[in-house]
Amino acid sequence: MIEQSLAGRVAIVTGAARGIGLAAVQRLCAGGASVVAFDRPDADYSAALSAGRVAAFSGDVVKSSDWQGAIDLALTLGDKVDILFNNAGISGAIANAIDYPEDDFDRIMAINVRGVYLGIKYVGRCMQAQRSGVIVNTSSVSGFGGSGNIFGYTASKFAVNGMTKSAAIALAPDGVRVLALCPSPTATEMMFQLERRLSPSDPEAARPQLAQGTPMGRYGTPEEIADVLAFLVSDAAAFMTGALVPVDGGTLAK
Ligand SMILES: NC(=O)c1ccc[n+]([C@@H]2O[C@H](COP(=O)([O-])OP(=O)(O)OC[C@H]3O[C@@H](n4cnc5c(N)ncnc54)[C@H](O)[C@@H]3O)[C@@H](O)[C@H]2O)c1
């Protein structure tokens, strides 16, 4: 683990109860930050709460009022919000453009696009007033090329990339950095669910094929994504903004 000092920093992490978000909470706490762990009301916050100085916020990233609640909670942990890891997301339907159900399309665009937009808007406004802060959005390798069967997910991650670049340009004069992390398949419940959907009788049988698209031939781990996050939000990355950073075992090199 690369040590980056985040002592005294206050972070909001969405999708914080499990997977990449949970690893981020643990990594940020290990660096000395205090964290608001923002996830859904039905989420199990126990692992996040045991990571360090963590306050749980249960809500929905699609609702502006919940963002205000998360910011208010963060401001009880410190006098500003230094870090937003805008990470909550869903994988949505496995279908092409023609077959993609309209309700599923609306849902994935709500969580993966509107949710990220609201985080940038409300936490970004707060950071703009402070004249400091860093926002890291979770995109994906799916934000770089077409995919026949995850139409909504791909659309949503292209949108995250566009929002990242646009917000980075707009907020740079205010001292606020905006970046995106772009993982390849990572060993979390999101991928395990996909394995079960593709191969219900033997989910693990789907893994080699899913991992094959990555030159390193394996899934990433949530900790590997969180280590890069810790660098991006640290002062060591002070001159980085607007970048879409692959953490992908070489996938985007192809
Ligand atoms: N796992 C992968 O292979 C992979 C690869 C590339 C990108 N990503 C992205 O990484 C991010 C995290 O994914 P993960 O793999 O950890 O998934 P996950 O399903 O394990 O965790 C997602 C978390 O987000 C929360 N969440 C979902 N909708 C929410 C909402 N409306 N409000 C608040 N919280 C909500 C869930 O409750 C869950 O705790 C997502 O944006 C995903 O698209 C994942």
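Please read all numbers here as calculations on a predicted model, not as lab measurements. (Residues numbered from 1 in each chain as written. Predicted model: local features only at pLDDT ≥ 70, side-chain atom pairs only at ≥ 80, totals over all residues. Heavy atoms only, no water.)

Peer 1: Break down the overall build of the protein chain for me, citing the residues and quoting the values.
Peer 2: A count of helical and extended segments in the protein chain gives 8 helices and 7 strands. Radius of gyration (C-alpha) of the protein chain: 17 Å, near the 18 Å computed for a compact globule of 254 residues. By principal-axis analysis of the C-alpha atoms, the protein chain measures approximately 50 × 35 × 35 Å. Split into buried and exposed, the 254 residues of the protein chain put 52% on the buried side. Counted over contacts in the protein chain with a minimum sequence separation of 6, partners at least 24 positions apart contribute 68%. Accessible surface for the protein chain amounts to roughly 11,100 Å². Of this, 56% is attributable to carbon and sulfur atoms. (Helix = DSSP H or I, 4+ residues; strand = E, 2+ residues; numbered from the N terminus. Rg over C-alpha atoms; globule rule 2.2 N^0.38 Å. Buried < 20%, exposed > 50% of the residue type's maximum accessible area, 1.4 Å probe, protein only. Contact = heavy atoms within 4.5 Å. Areas by Shrake-Rupley, 256 points an atom, 1.4 Å probe, with all protein chains shown as cover.)

Peer 1: An account of helix 3 (residues 64-77) is requested, with residue identities and associated values reported.
Peer 2: Since the α-helix packs 3.6 residues into each turn, any two residues three or four apart lie on the same face. With 14 residues, helix 3 extends 21 Å from end C-alpha to end C-alpha; this agrees with the ideal 20 Å at 1.5 Å per step. Listing the buried residues of helix 3 in full gives Asp 66, Trp 67, Gly 69, Ala 70, Ile 71, Ala 74 and Leu 77. Check the buried side of helix 3 and you find it contacts strand 1 (10-14), strand 2 (34-39), strand 3 (54-58), strand 4 (83-86) and helix 4 (102-130). (Expected span 1.5 Å × (residues − 1).)

Peer 1: Account for the site of the ligand, naming residues and giving values.
Peer 2: Around the ligand there are 26 residues in total, and Arg 18, Asp 39, Tyr 153, Thr 186 and Thr 188 lie nearest to it. Measuring from an oxygen atom of the ligand, one finds a side-chain N or O atom of Thr 188 at 2.5 Å. Considered class by class, the residues forming the shell around the ligand number 9 nonpolar, 11 polar and 6 charged. Counting contributing residues, the shell around the ligand receives three or more from each of domain 1 (10-181 + 224-244) and domain 2 (184-219). (Near = heavy atom within 4 Å. Polar contact = N/O pair within 3.5 Å; in protein donor to acceptor, adjacent residues only side chain to side chain. Nonpolar A, V, L, I, M, F, W, Y, C, P; charged D, E, K, R; others polar. Domains from an automatic or database assignment.)

Peer 1: Which residues make up the domain arrangement of the protein chain, and what values go with them?
Peer 2: Per the domain assignment, the segments making up the protein chain are domain 1 (10-181 + 224-244) and domain 2 (184-219). Averaged C-alpha coordinates put domain 1 and domain 2 at centres separated by 23 Å. Between domain 1 and domain 2 lies a buried interface of about 850 Å² when both sides are counted; carbon and sulfur atoms form 60% of it. Among the residues of domain 1 in contact with domain 2, Arg 18, Ser 91 and Ile 94 are the three that bury the most area, contributing 44% of the side total. The tally of links from domain 1 across to domain 2 stands at 1 salt bridge. A salt bridge links Glu 224 to Arg 218; the nearest nitrogen and oxygen atoms lie 2.8 Å apart. At the boundary of domain 1 with domain 2, the tally comes to 3 residue pairs in polar contact (both at pLDDT 80 or more). Elements with a contribution of two residues or more to the side of domain 1 that touches domain 2: helix 1 (19-30) and helix 8 (222-232). (Buried area = accessible area lost by both parts, 1.4 Å probe. Salt bridge = Lys/Arg side-chain N within 4 Å of Asp/Glu carboxyl O.)

Peer 1: Run through the nonpolar core, naming residues and quoting values.
Peer 2: Counting 40 residues, the largest nonpolar core has Ile 12, Trp 67, Val 81 and Val 123 as its most contacted members. Mapped onto this core, the elements with two or more residues apiece are strand 1, strand 2, strand 3, helix 3, helix 4, helix 5 (151-171) and strand 6 (176-183). In this structure, Trp 67 is in contact with Ile 12, Thr 14, Phe 38, Val 61, Leu 84, Asn 86, Gly 115, Leu 118, Gly 119, Tyr 122 and Val 123, ignoring residues within four places of it in sequence. (Core = buried A, V, L, I, M, F, W, Y, C linked by side-chain atoms within 4.5 Å.)

Peer 1: Tell me about the environment of Val 233, and please be specific about residues and values.
Peer 2: Turning to its location among the elements, Val 233 is positioned in the loop between helix 8 and strand 7 (244-247). Remark: the alpha-carbon pair of Val 233 and Ile 135, spanning 98 residues in sequence, is separated by 7.8 Å. When sequence neighbours within four positions are dropped, the list of residues in contact with Val 233 reads Leu 6, Arg 9, Leu 28, Ile 83, Val 134, Val 136 and Arg 177.

Peer 1: How would you sum up the pattern of salt bridges? Please name residues and give values.
Peer 2: Counting across every chain of the model gives 7 salt bridges. The closest approach of N and O atoms between Arg 27 and Asp 227, which form a salt bridge, is 2.9 Å. Taken together, the residues Arg 27 in helix 1 and Asp 227 in helix 8 connect sequence positions 200 residues apart. For Arg 27, a relative accessible area of 3% puts it in the buried group. On the accessibility criterion, Asp 227 (23% relative accessible area) is partly exposed. Lys 80 serves as the salt-bridge partner of Asp 82, at 2.8 Å between the closest nitrogen and oxygen. For Lys 80, a relative accessible area of 32% corresponds to the partly exposed category.

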